[in-house]
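# Coordinate inspection notes
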Amino acid sequence: DLELENANLTTANVELSKDNKNAHAEAARLKKLGSVLHISNIKLEAINQKHNGEKEVSTSRARKADLLRVIFDIDENRIMESGLNEIFVVIQDPDGNIMSNAAYGSGNTTDANGATLNYTIVKKINLEKNQKMTNVNVDWKQDNSFPKGDYHISFYNGGYKIGEGSVHLK
């Protein structure tokens, strides 16, 4: 009887070990998901630089735009660890093409599903746990002019989309 009970306890112990391992994996997955940042108060504007960049004026005209400025807030996150975080910014032109230039910091990374994600620029930010960060800005300047139309901007962190917005240039 004792040998049979010992065998049953060994089997139960193996099952409990598997359940414990699965619970730890699920907890790690949820912590990673919970530590993904969230962006709010997204503002997009085209900037016309005058006097060799000494003066900046907001414009709605594509032909006058020298750069696109994206301003946003990063909401507080109680789960993420303090330290350096990367926010990948994807800007699509009116034709739906991702604006990119490797010389200006464009590249690619992977999203949460393992697919390749091409980005326009990456913003590295040192964040503190439980602290909101306001008025973070990212500028995108390109060699050629900006065409007329709607520009769509998406933000990614940890492989997940965390915000988006658009701006129309006449």
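These numbers were taken from a predicted model, which means no experiment stands behind them.

## Some remarks on the pairing of strand β9 (residues 149-157)
Within β9, seven of the nine residues are buried, which leaves the element mostly enclosed by the surrounding structure. Summarising the sheet, strand β4 (residues 83-92) and β9 pair through five bridges and their orientation is antiparallel. Looking at the pairing, I91 lines up with I153 of β9. One ladder, built from nine bridges, connects β9 with strand β10 (residues 160-169); its direction is antiparallel.

## Digging into a nonpolar patch on the surface
A cluster of nonpolar side chains, namely L30, L33 and Y160, defines an oily patch on the protein surface of about 250 Å² accessible area. With respect to the secondary-structure elements, L33 resides in helix α1 (residues 2-34). We classify L33 as partly exposed; its relative accessible area is 38%.

## Description of the environment of Y119
Along the polypeptide, Y119 turns up in strand β6 (residues 116-119). Remark: the alpha-carbon pair of Y119 and D73, spanning 46 residues in sequence, is separated by 20 Å. Non-local contacts of Y119, meaning those with residues more than four positions away in its chain, are made with F88, V89, V90, S100, G105, S106, G107, N108 and T109.

## Thoughts on the pairing of β6
Alternating residues of β6 divide into L117 and Y119, all buried, and T116 and N118, none buried. Sheet topology note: the strand β5 (residues 107-110)/β6 ladder contains four bridges and is antiparallel. Each residue of the ladder has a partner; that of G107, found in β6, is Y119. If you look at the hairpin formed by β5 and β6, you'll find five residues sitting between the two strands, and G114 has a positive phi there, around 90°.

## What to know about the sheet that holds β10
The antiparallel open sheet is built from four strands, whose spatial order is β7-β4-β9-β10. Each having just a single partner strand, β7 (121-127) and β10 make up the two edges of the open sheet. In this sheet, neighbouring strand axes are inclined to one another by 25° on average, regardless of whether the strands run parallel or antiparallel.

## Thoughts on the packing of aromatic side chains
Throughout the structure, instances matching the rule amount to four aromatic pairs. Judged by centre distance (6.0 Å) and plane angle (85°), the rings of Y104 and W140 are edge-to-face. Of this pair, Y104 sits in the loop between β4 and β5 while W140 sits in strand β8 (residues 133-141), placing them 36 residues apart in sequence. Residue classification places Y104 among the partly exposed positions, given a relative accessible area of 36%. According to the relative accessible area criterion, W140 is buried, its value standing at 2%.

## A few points about the sheet that holds strand β2 (residues 55-59)
Ordered in space as β2-β1-β3-β8, the four strands form an open sheet in which the pairing is antiparallel. Looking at the sheet topology across the chains shown, the edges are occupied by β2 and β8. Direction aside, the axes of adjacent strands within the sheet are offset by 35° on average. Two strands pair when backbone bridges link them, and strand β1 (residues 39-50) and strand β3 (residues 67-74) are joined in this way by seven bridges, in the antiparallel orientation. Counterpart to S40 in the pairing with β3 is D73.

## Comments concerning the pattern of salt bridges
This structure, assessed with the given rule, holds five salt bridges. For the salt bridge of E86 with K124, the shortest nitrogen-to-oxygen distance reads 3.7 Å. In this pair, E86 is assigned in strand β4 and K124 in strand β7, connecting sequence segments 38 residues apart. The class for E86 is partly exposed, based on a relative accessible area of 33%. The exposure class of K124 is exposed, given its relative accessible area of 51%. Here K161 makes a salt bridge to E164, at a shortest N to O gap of 3.4 Å. Note on E164: relative accessible area 41%, which makes it partly exposed.

Criteria and cut-off values
- Residues numbered from 1 in each chain as written.
- Predicted model: local features only at pLDDT ≥ 70, side-chain atom pairs only at ≥ 80, totals over all residues.
- Heavy atoms only, no water.
- Buried < 20%, exposed > 50% of the residue type's maximum accessible area, 1.4 Å probe, protein only.
- Helix = DSSP H or I, 4+ residues; strand = E, 2+ residues; numbered from the N terminus.
- Pairing = 2+ DSSP bridges.
- Patch = residues over 30% accessible without salt bridge, like charges linked within 9 Å, V, L, I, M, F, W, Y side chains within 5 Å.
- Areas by Shrake-Rupley, 256 points an atom, 1.4 Å probe, with all protein chains shown as cover.
- Salt bridge = Lys/Arg side-chain N within 4 Å of Asp/Glu carboxyl O.
- Contact = heavy atoms within 4.5 Å.
- Axes fitted to C-alpha atoms, helices over the stretch in contact; angles between N-to-C directions.
- Phe/Tyr/Trp six-rings, centres within 6.5 Å; stacked < 30°, edge-to-face > 60°.

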